[in-house]
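Now for the letters of each chain:
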Amino acid sequence: MMDVETKRSLDFNTTTFTNERRAPEDFPPIANEIRRDIVRALVRAGSGHSGGPLGSADIFAVLYFGGYMRYRSDDMGWSGRDRFVLSAGHMVPVQYATMANAGMYPKSELATLRKYGTRLQGHPGRDMHLPGIETSSGSLGQGISIAIGMAMSDALLDKNDHRVFSLTGDGELQEGSVWEAAMAASHFKLDNFCWIIDNNDCQIDGRVPDVMNVYPIKDKCEAFGFDTIVVDGHDHADLQRGFDLFLANQANKTGRPTCIIARTYMGHGVSFMNDKFEWHGKPPTHDQAVAALEELSAHP
Amino acid sequence: MMDVETKRSLDFNTTTFTNERRAPEDFPPIANEIRRDIVRALVRAGSGHSGGPLGSADIFAVLYFGGYMRYRSDDMGWSGRDRFVLSAGHMVPVQYATMANAGMYPKSELATLRKYGTRLQGHPGRDMHLPGIETSSGSLGQGISIAIGMAMSDALLDKNDHRVFSLTGDGELQEGSVWEAAMAASHFKLDNFCWIIDNNDCQIDGRVPDVMNVYPIKDKCEAFGFDTIVVDGHDHADLQRGFDLFLANQANKTGRPTCIIARTYMGHGVSFMNDKFEWHGKPPTHDQAVAALEELSAHP
Amino acid sequence: MTPTLLGSKPTRFGFGDGLVDLGERHSNVVVLGGDITGSVMTSLFRDKFPDRFFSIGIAEQNATTIAAGLALSGKIPFFASYGAFCALRNADQLRISVAYNEANVKIGGGHAGISVGPDGATHQVLEEVAFLRTLPHMTMIVPADYEEARKATIAMGEMVGPAYIRFGRSPVPMFTTADTPFILGKANQITDGNDVAIIANGAMLWESVLAAEELGKKGIKARVINVHTVKPFDFETVTNAARECGCVVTAEEHQVHGGLGGAVAECCGKNAPVPIEFVGVKDSFGGSGEPEELMVKFGLTWREIYASALVAMERKEKGSTGIRAIKDVATYA
Amino acid sequence: MTPTLLGSKPTRFGFGDGLVDLGERHSNVVVLGGDITGSVMTSLFRDKFPDRFFSIGIAEQNATTIAAGLALSGKIPFFASYGAFCALRNADQLRISVAYNEANVKIGGGHAGISVGPDGATHQVLEEVAFLRTLPHMTMIVPADYEEARKATIAMGEMVGPAYIRFGRSPVPMFTTADTPFILGKANQITDGNDVAIIANGAMLWESVLAAEELGKKGIKARVINVHTVKPFDFETVTNAARECGCVVTAEEHQVHGGLGGAVAECCGKNAPVPIEFVGVKDSFGGSGEPEELMVKFGLTWREIYASALVAMERKEKGSTGIRAIKDVATYA
Ligand SMILES: Cc1ncc(C[n+]2csc(CCOP(=O)(O)OP(=O)(O)O)c2C)c(N)n1
Ligand SMILES: Cc1ncc(C[n+]2csc(CCOP(=O)(O)OP(=O)(O)O)c2C)c(N)n1
Ligand SMILES: [Mg+2]
Ligand SMILES: [Mg+2]
């Protein structure tokens, strides 16, 4: 464990975490370290998205470090790996931070986020060949379809037991192509596919129901054929319950894709950002970053 | 009333019908005349879509001749008119036939369908300035959004009581943009908007659930905020029930758009076409047209 | 050396047959259907390899992006629909998920051009070559006849990277054979000549041959070039033709803006500025009618190519730079 | 007669301010939001005319087609988003529901070009000018500075028919004033000269002025032309420039294929075949970084324009047709 000074520091440390079945109480330190690395990377970048990444850090902690997604940090090209596709490409700082904390590449590289020549592009760029970034994304609504193509490849062609995860935002649900994707997932009975919705109720222009109401989300996902569960996206046990449902769907060959609607708060973990849509696309200033790290380090 | 010879003839007659509140039993002769004109136009064209147009003739009979859609055949530019947008542009032969039977333009012009220089393009072309064709369509999923733009113009800007109707196919529901449109209709509380789904369970490549399953349609429409009713699309009383629901939604300012799911059979009225997806995009041969007219003329 | 006419068939048949051939050669070739598998001929593949065919329904965005996912998992996915829908309804997907990803996705775009006939303007795509040509990493092919379409389909399946093939609905004359060389990115010279270069592809290729024949009767030797691959563009063959002939006519079943004509104009501006005349659709939408009627109406026959060749030659002869008389500014075509 | 530098501002500010002005003048101007109203500046209109602003969310297809419906009902709808999403995600809708319908729809496409900066390639659209140029009935504008963007926005709102304006995220130099004439479809000559024509628009206009200044130091007089309207294209001004200067450089923040350079090449091929050099992005995607770093990396500065002008002039002087030496075939740029 790190001392408080290390945690609070604006510099990146070298801590990494393993990926295994865990008790719920094991996740907070991981999620907090992901959050700190998001803050550290963004303040250096001077631009980028704080709100979605911070709010979804708990989801990423459970997905990457709870034994649900199978990968080998020391063999990223492993053909047996499960795949994760970030459909909400703008949220990529949380994925970069998570991957660094999984030891997939040096944490220090987080300092290059959004900088000229970096592998850590503002939106995921496959042209950068950063292992773990399976595809480019950033145009909303496309990633989930790519993930479904991968899940079809696994389940229907290669007939292996790989899992495919994809995370979309809730504003992203306004894109019709998301519903094309959802329809296909259930049509093809992809019980190896797990859709996670970061339901923070925020998007750039305001609250989701004000910008374009996507509710009732659960009814929509069910009508499109998903086995749908709503969880508290900051409660690690609840998130585990969601991913366990997915594992059961796949293990029991139910033929039903799983949808986890994770209720989150944008910017969660940093009180002055919490539940504020204004933080969708802003980085913290230096002083805000210091305050955020302070707050995040007071927790486990 | 026409004699049987006139009905059976491959030539167009000059019968037209008025638009008024009717008893259910008044519709069959109208629907059958629309069907005959579809057959007459298509056999001359030598290409075009038989299945959808024949199957939806009852919907068009009730919509255009049952007093639901308000228009003036002798003043088609009337600014007080209600609007109909055919989102499933390939089904336009039924709209052309209906419009001719409403006296909106000479029936004889149906003989020019799909011919060089015609106003009756293979898919609706606004560049042809045929009154009653409010917009071009033919790329699936676009018409319904145009209709919603019109409904917004009426309800939210001009604040008049105009009605806007749009018909989509059921295969068309596979287009994600349809769900973008649906989401917006309920978001903007467009109780002046009526969406009709021609649910014939057929599309070009086969049965809808085989090509890409869109069911449960009703759950989807409800989850997207529509007041949804399923009717027998060949039962005129049932169709009236659907349109009456819409009128009530508008009159009572419920703020809920209406969706009428009309269960139909592709090619209905011509037994050798009935419920056969192979008839989606084919015209009858001369002999088939003669047989079809024979059968359609045996009815009222 | 006018090529021999060998009958006629739609280029889409070549796509369908090529795809079956590919499917036999490569077990990782898969096909996605967009509810028009019969008219774009992917039904042949479906019937032969049902396990490698997936019907996606009427959802071109999803089909394109699913194809990207399949490609990133090592498959060679083909998705075919009408060009209006599989080059434009999915344009953002083609840009990000296919081209930027350098995903090994293959698109077959049917119902190209106004020769589609009675379906009318919405179904007659005339814009997609210009768009696809702008996408980095994209290969863009416009075959001229059945056999070339068949070969092109196999070639695009066997190269690595995003590729698009454009084909038509109506029969077009056949004149290439199994022996005609076909190399992606390498234009084929069809007739010899140094008086005027006629640079064409797709349905306009045979019209160009007819125009050359007619020009021959006047003693004019036209060099007809088949630019079947619009991207990567064969700068060398086109540059040399422009240099050696001194004037150019382009002919395509597409808007005169931005497509093959645009590529030729850019190449000539860069390498060999010579007078160019453009045959194509002049900034308008199509319409219903029989294919032949429409080709005449929109000026897509050998006659326009012939007339344009005479204009181009006149411009070449008038002045060394082929500049039109001052005050005589032509807009398009 | 180099124009005076008047500070700098993003062109998107001109769009936002122009829209408010339009809203004041015309009560049927309405605006649709695509969840980025702040960055494309439609938030100004929203705050001033909340009753005429509708948030459509992240649904560019729907917003475009709803706009068509509003237009067919007599409104003048503007929809703005990033160009990657409001020119391509909705390309089929633009083609059928907007252009083919001749619907009075106005699109504002932001985040154009690589000067977007750190967001990276997905958000840096470099292809849309080529596509929009192919659409019949479409007007396509690329303003060069704040004031021109403001005027262009008003002009597009007051003309009848589909129109698209392209604007950028980062500040660009201001040099046009309230008095500078702005007529849709009429290019503006910025500097006088007969040695080389530099034809540019958008963010590359000021770079062209700088290049001309630098050329001036060598005694070379460059004629800089601002083609703010790419469609309808000003054939006359460009043709005369090519004729009188004898060689051309084009400069745009777009792929070198099919955009302004393509339009100029087509015009020259048709009217005045002269050597052309193309400055633009050379068939690649963008990337993250600061706008200035990226402009240098992708060769979008006055330096490339300057160097290209020298090459173009050398080609002009070498031979009457400016043909590159045989074997020296340049591909793009
Ligand atoms: C197709 C497309 N349209 C618009 C955008 C611009 N954009 C980026 S993020 C975003 C908001 C997304 O909202 P949500 O999915 O809820 O993510 P959150 O704000 O919660 O992070 C928008 C509109 C985009 N990236 N892609
Ligand atoms: C965007 C788009 N994709 C594909 C097509 C080709 N197409 C025309 S009709 C049709 C089938 C439509 O099915 P449905 O809506 O059920 O109509 P029906 O067959 O019942 O008449 C298809 C795929 C099209 N017109 N537009
Ligand atoms: Mg959100
Ligand atoms: Mg159907």
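On a predicted model such as this, the values are computed, not experimentally measured, just so you know.

A. Focus on the pairing of strand β2 (residues 29–33) of chain C. Residue and element names in this part refer to chain C. In terms of burial, β2 is largely enclosed, as five of its five residues are buried. Of the two faces of β2, the one lined by Val 29, Val 31 and Gly 33 and the one lined by Val 30 and Leu 32 are each fully buried. As paired elements, β2 and strand β4 (residues 76–82) share four bridges and run parallel to each other. Counted as the bridge partner of Val 31 is Phe 78 from β4. Pairing between β2 and strand β3 (residues 53–55): three bridges, direction parallel.

B. Broad picture of the interface of chain B and chain A. Counting residues at the interface gives 23 residues for chain B, matched by 23 residues for chain A. Interface area, chain B with chain A, both sides summed: about 1600 Å², of which 71% is carbon and sulfur. For the pair chain B and chain A, the number of links is zero salt bridges. Viewed at the interface, chain A and chain B are joined by six residue pairs in polar contact (both at pLDDT 80 or more). Within the residue set of the side of chain B that touches chain A, elements represented by two or more residues are α7 (176–187), α8 (208–212) and α9 (217–223) of chain B.

C. How the structure looks around the site of ligand 2. Contacts to ligand 2 come from 22 residues, most closely from Gly138(B), Asp170(B), Asn200(B), His280(B) and Glu60(C). With respect to ligand 2, its neighbouring residues span chains B and C. Contact distances for ligand 2 include 2.7 Å between an oxygen atom and a side-chain N or O atom of Asp170(B). About the coverage of ligand 2: the protein hides 99% of its 590 Å² of free accessible area. Residue composition of the shell around ligand 2, by class: six nonpolar, ten polar and six charged.

D. Highlighting the coordination of the magnesium ion (ligand 3). Residues and elements named next belong to chain A. Taken together, the protein ligands of the magnesium ion (ligand 3) are Asp 170 (OD), Asn 200 (OD1) and Cys 202 (O), with distances of 2.1 to 2.2 Å. In the primary sequence, the donor residues of the magnesium ion (ligand 3) line up as D-x29-N-x1-C. The buried category is assigned to Asn 200, whose relative accessible area is 4%.

E. Examining the site of ligand 1 more closely. Surrounding ligand 1, one finds 22 residues, the nearest of these being His90(A), Gly138(A), Asn200(A), His280(A) and Glu60(D). Near ligand 1, the surrounding residues are drawn from chains A and D. A distance of 3.0 Å separates an oxygen atom of ligand 1 from a polar atom in the backbone of Glu172(A). In the model, a nitrogen atom of ligand 1 is placed 2.6 Å from a nitrogen or oxygen of the Glu60(D) side chain. Considered on its own, ligand 1 offers 590 Å² of accessible surface; in the complex 99% of this is hidden by protein. When the residues that make up the shell around ligand 1 are grouped by side-chain class, the tally is six nonpolar, ten polar and six charged.

F. Local environment of the pairing of strand β10 (residues 196–200) of chain D. Residue and element names in this part refer to chain D. Within β10, five of the five residues are buried, leaving the element largely enclosed by the surrounding structure. Neither face of β10 is exposed, since Val 196, Ile 198 and Ala 200 on one face and Ala 197 and Ile 199 on the opposite face are all buried. Pairing between β10 and strand β11 (residues 222–226): five bridges, direction parallel. Its bridge partner lying in β11, Ala 197 is registered against Arg 223. With helix α8 (residues 204–217) bridging β10 and its parallel neighbour β11, the resulting β-α-β unit is right-handed. Pairing of β10 with strand β13 (residues 248–255), which is carried by four bridges, proceeds in the parallel orientation.

G. Structural view of the sheet that holds β13(D). Residue and element names in this part refer to chain D. If you trace the five strands from one edge of the open sheet to the other, you get β9-β11-β10-β13-β14, paired in mixed fashion. The open sheet terminates on both sides in strands that have one partner only, identified here as β9 (188–189) and β14 (276–281). Sheet topology note: the β9/β11 ladder contains two bridges and is antiparallel. Considered in β11, the bridge of Asn 188 is made with Asn 226. Lying over the sheet, α8 contacts β10, β11, β13 and β14, oriented at roughly 170° with respect to β11.

Procedures and definitions
Residues numbered from 1 in each chain as written. Chains lettered and ligands numbered in written order. Predicted model: local features only at pLDDT ≥ 70, side-chain atom pairs only at ≥ 80, totals over all residues. Heavy atoms only, no water. Buried < 20%, exposed > 50% of the residue type's maximum accessible area, 1.4 Å probe, protein only. Helix = DSSP H or I, 4+ residues; strand = E, 2+ residues; numbered from the N terminus. Pairing = 2+ DSSP bridges. Contact = heavy atoms within 4.5 Å. Buried area = accessible area lost by both parts, 1.4 Å probe. Salt bridge = Lys/Arg side-chain N within 4 Å of Asp/Glu carboxyl O. Polar contact = N/O pair within 3.5 Å; in protein donor to acceptor, adjacent residues only side chain to side chain. Near = heavy atom within 4 Å. Areas by Shrake-Rupley, 256 points an atom, 1.4 Å probe, with all protein chains shown as cover. Nonpolar A, V, L, I, M, F, W, Y, C, P; charged D, E, K, R; others polar. Donors = N, O, S within 2.8 Å, 3.2 Å for Na, K, Ca; no water. Right-handed = clockwise from strand over helix to strand, strands pointing away. Axes fitted to C-alpha atoms, helices over the stretch in contact; angles between N-to-C directions.

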